[in-house]
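# Structure at a glance
One-letter residues, chain by chain:
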Amino acid sequence: MKKMILASLLSVLLLGSATAQNYQPTEENLRSRKEFSEDRFGIFIHWGIYSMYAQGEWYLQNAQGINRDEYAKAADAFYPHRFDAKEWVSAIKASGAKYICFTTRHHDSFSMWDTAESDFNIVDATPFKRDVLKELAEECQKQGIALHLYYSHTDWSRDDYPRGRTGRGVVGRNAELMSWDNYYNFMNRQITELLTNYGPIRAIWFDGWWDHEEDATPFDWQLDEQYAMVHQLQPSCLVANNHHVTPFEGEDIQIFERDLPGENSHGLSGQEISRLPLETCQTMNGMWGYKVVDQNYKSAKTLVRYLVSTAAKGANLLLNVGPQPNGVLPEVAVERMKAMGEWMSANGESVYGTVAGDIPQHEWGCTTRKGDKLYVHIFELDQDVLYLPLDCKVVSATALVGGQKIKFDKVNGGILLEVGKLEEDNIDFVVELITK
Ligand code: GLC
C-alpha cells in the first residue's frame, strides 16, 4: 500500500514537473499577465452579422433549421453606418475598463476583419467594406487601452468543421467536405493574420472547445501547437480558453463564464481555481449578442458590486456589451458604463491592482487588498457597526471618498468598525484600513 502511494506520489511529481517544463511563459508574457491582473476590468464586445437578426449570437443554431446560405445573406445588408471606433473606445474607457475583448469570428463563422482566408467577412461580404477591427485596433492604440480578441473554435457554417454537439440544426453543410486538417490550418492562418496585422494583441480568447467535450473518443483540438504559434507570433499575447474546465498547458488566463471563481450558478464554472490570472465574463443584460427583446439590464449598483466582488475573488471582470446592427452601442449600456466609471474614478484604487482581501464575501460586502491597505467594501448594513475578523493589526481606518476617519475598536479576533448609517443610495462604501 505504502509503495503504491509512494509510486503514485512520484508519478504526480514527475508528471507535474514534465508539464511545467513544457510551457515556460516568457518574460514578456509574465509582464503581460501582471498588467492584465492589475487592470481588473474589461469590456467584452459581441458584434457580428447575428446582430442583424437581433436574437443574440446563437441565433443560427437556436432557430433550428436555418439554411446557412440564407443566414449568410444578412451580410449583404450589414451596413453599420454609425460605427465609430472613437466613440466606442471613449465610451468604454469612460467606464473605467482597461481593456476591450472584441469578437473577431463567432460560431456563425463570419469574420469581422479583412481576412484572406474566407470571403465571408466584413470587407468582402458586406456593402460596408470597412475593416472594423483595424479601426478599433488603431483607436485602442491611440487611446491607450489594451485589445483582446475573441476567436471561436466552433464553426456552424463551414463544411470542413468537424460537427460537434451544437450547430446540429443548421442546414446546408456538406458533410463530405468535413476535414479537420483543413479547418485547423484555416484557423491558424486566420490567427496569424490577427496577430500580424493589428498591432499588439494582449490576449486571444478562444471559445467553443466544449463543442466536442461529449465525443465518444476525445477530440484533439491540437491546442499545444496553436498556443505555441500564438506565443511565437506575439510573446506577450496571453492565451485564454473558455472551455469551462481547469486550464490546459500553454494557457495564461483562467476564464469563468457568468460566475465568480468558485461559484457555479450557471452550471459552467464548477472547475477548480488555478494559479493563473482569473477572469469572469458576464452579460450586462441577459445575452452576449444584441437581442431586441432583452432590455433586462442589470442596475449600475448591481454592476459595480459585481465588479468589486470579482476583484475580491482576485479576478478580473469582462463585462459584455452587444452593439446594435447600426454600429451603435445600446444607450442603456453606455449609461451603465458611465455610472460605473463615475464610481471607479472616485473608488478605483480599491479595485485596480488589488488582490483578494483578507475576509471573504459576506452579505455586507467584501474586501480587496493592496500592500498594507485593506479595502473594506460595504454594500449593506443593518446596524451601525461592522465586525471584521482579522489576523492583522489595524493602524487606521478612513473613508476612501471624503477621507474622514472612522472609529474602530479592537475586539477578540478582529475589530469593530463604527461605520454609522450608510447613505440611502449607497453602492459601495469603501473604508481603507492601514494594516500591519
Ligand atoms: C459561450 C457562448 C458564446 C459566448 C461566450 C461568451 O461560450 O457560446 O456565445 O460568446 O460564451 O462567454
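We now turn to the structure provided with this report. This one's a predicted model, so the numbers in the text were calculated from it and none came from an experiment. (Residues numbered from 1 in each chain as written. Predicted model: local features only at pLDDT ≥ 70, side-chain atom pairs only at ≥ 80, totals over all residues. Heavy atoms only, no water.)

## Overview of the packing of aromatic side chains
The relation between two aromatic rings is expressed through the spacing of the ring centres and the mutual angle of the planes. Summed over the entire model, instances satisfying the criterion amount to 26 aromatic pairs. Look at Phe36 and Tyr99: their rings are 5.5 Å apart centre to centre, the planes differ by 50°, and that puts the pair in the tilted class. A residue pair is termed long-range when its members are at least 10 positions apart, and Phe36 in helix H2 (residues 27-39) and Tyr99 in strand S2 (residues 99-105) qualify at 63 residues. Tyr99 carries the same exposure label as Phe36, and that label is buried. Consider the rings of Trp58 and Trp156, whose centres lie 4.9 Å apart with planes at 75°: the pair is edge-to-face. Residue Trp58 is located in the loop between helix H3 (50-53) and helix H4 (59-62), and its partner Trp156 is located in the loop between strand S3 (146-152) and helix H8 (180-197); the two are separated by 98 residues in the primary sequence. Residue classification places Trp58 among the partly exposed positions, given a relative accessible area of 22%. Overall, Trp156 belongs to the buried group, its relative accessible area being 0%. Taken together, the ring pairs connect Tyr161, Trp180, Tyr183, Tyr184, Phe186, Phe219 and Trp221 into an aromatic cluster. Here Lys134 stacks its cationic end above the ring of Tyr198, 5.0 Å away from the centre of that ring. (Phe/Tyr/Trp six-rings, centres within 6.5 Å; stacked < 30°, edge-to-face > 60°. Helix = DSSP H or I, 4+ residues; strand = E, 2+ residues; numbered from the N terminus. Buried < 20%, exposed > 50% of the residue type's maximum accessible area, 1.4 Å probe, protein only. Lys NZ or Arg CZ within 6 Å of the ring centre and 35° of its normal.)

## Quick look at the site of the ligand
Taken together, 14 residues surround the ligand, and among them His46, Glu57, Trp58, His106 and Asp207 come closest. Residue Trp58 places a side-chain N or O atom 2.8 Å away from an oxygen atom belonging to the ligand. At 3.0 Å, a side-chain N or O of His107 approaches an oxygen atom of the ligand. A total of 310 Å² of accessible area belongs to the ligand in isolation, and the protein chains cover 96% of it. When grouped by side-chain class, the residues that make up the shell around the ligand number seven nonpolar, four polar and three charged. (Near = heavy atom within 4 Å. Polar contact = N/O pair within 3.5 Å; in protein donor to acceptor, adjacent residues only side chain to side chain. Areas by Shrake-Rupley, 256 points an atom, 1.4 Å probe, with all protein chains shown as cover. Nonpolar A, V, L, I, M, F, W, Y, C, P; charged D, E, K, R; others polar.)

## Section: the sheet that holds strand S11 (residues 373-378)
Strand order in the open sheet formed by five strands is S9-S10-S11-S16-S13, and the pairing between neighbours is antiparallel. Edge positions in the open sheet fall to strand S9 (355-356) and strand S13 (394-399), since each of these has one partner strand only. Where S9 lies against strand S10 (residues 365-370), two bridges are found, and the strand directions are antiparallel. Paired with Ala356 across the two strands is Thr368, which belongs to S10. The strands that helix H10 (residues 300-311) touches are S9, S10 and S11; relative to S10, the one it contacts most, it runs at about 50°. (Pairing = 2+ DSSP bridges. Contact = heavy atoms within 4.5 Å. Axes fitted to C-alpha atoms, helices over the stretch in contact; angles between N-to-C directions.)

## Re the side chain of Gln282
Structurally, Gln282 is set in strand S7 (residues 278-283). Using a relative accessible area of 7% as the deciding quantity, one classes Gln282 as buried. At 3.4 Å, the side chain of Gln282 forms a polar contact with the side chain of Thr283.

## Re the nonpolar core
Counting 85 residues, the largest nonpolar core has Ile43, Ile45, Trp47, Phe102 and Leu147 as its most contacted members. Among the elements that make up this core, the one with the highest residue count is H8 (eight residues). Sequence-distant contacts of Ile43, that is, excluding residues within four places in its chain, are made with Ile92, Ser95, Ala97, Tyr99, Ile100, Cys101, Leu318, Leu319, Val321 and Met337. Membership of the second largest hydrophobic core comes to 19 residues, among which are Ile359, Trp364, Leu374 and Leu433. (Core = buried A, V, L, I, M, F, W, Y, C linked by side-chain atoms within 4.5 Å.)

## So, H8
Here H8 is 18 residues long and its end C-alpha atoms lie 26 Å apart, about the 26 Å a rise of 1.5 Å per residue gives. All of the buried residues along H8 are Trp180, Tyr183, Tyr184, Phe186, Met187, Asn188, Gln190, Ile191, Glu193, Leu194 and Leu195. At its buried positions, H8 is contacted by S2, helix H7 (132-143), S3, strand S4 (203-207) and helix H9 (223-233). Phi for Gly199, located one or two positions after H8, is positive at around 70°. (Expected span 1.5 Å × (residues − 1).)

## Quick look at the environment of Met187
Here Met187 shows up in helix H8. Those residues within four positions of Met187 in sequence are excluded, and the remaining contacts are Tyr151, Ser152, His153, Trp180 and Gln226.

## Brief notes about the sheet that holds S2
Spatially, eight strands are ordered S5-S4-S3-S2-S1-S8-S7-S6 in an open sheet, and the strand pairing comes out parallel. Two strands bound the open sheet, and with one partner strand each, they are strand S5 (238-242) and strand S6 (254-257). On average, adjacent strands in this sheet sit at an angle of 25° to one another, irrespective of strand direction. As paired strands, strand S1 (residues 41-45) and S2 are joined by four bridges and run parallel to one another. In the sheet register, Gly42 faces S2, and the bridge partner there is Tyr99.

## Things to note about the pattern of salt bridges
Counted according to the given criterion, the structure contains 19 salt bridges. A salt bridge links Arg68 to Asp69; the nearest nitrogen and oxygen atoms lie 3.1 Å apart. Relative accessible area serves as the criterion here: at 14%, Arg68 is assigned to the buried category. A salt bridge links Glu380 to Arg305; the nearest nitrogen and oxygen atoms lie 2.9 Å apart. Residue Glu380 is found in the loop between S11 and strand S12 (385-389), and its partner Arg305 is found in helix H10; the two are separated by 75 residues along the sequence. On the basis of relative accessibility, which here comes to 43%, the residue Glu380 falls in the partly exposed class. For Arg305, a relative accessible area of 14% translates into the label buried. If you follow the salt bridges from partner to partner, you end up with Glu35, Asp39 and Arg202 in one network. (Salt bridge = Lys/Arg side-chain N within 4 Å of Asp/Glu carboxyl O.)

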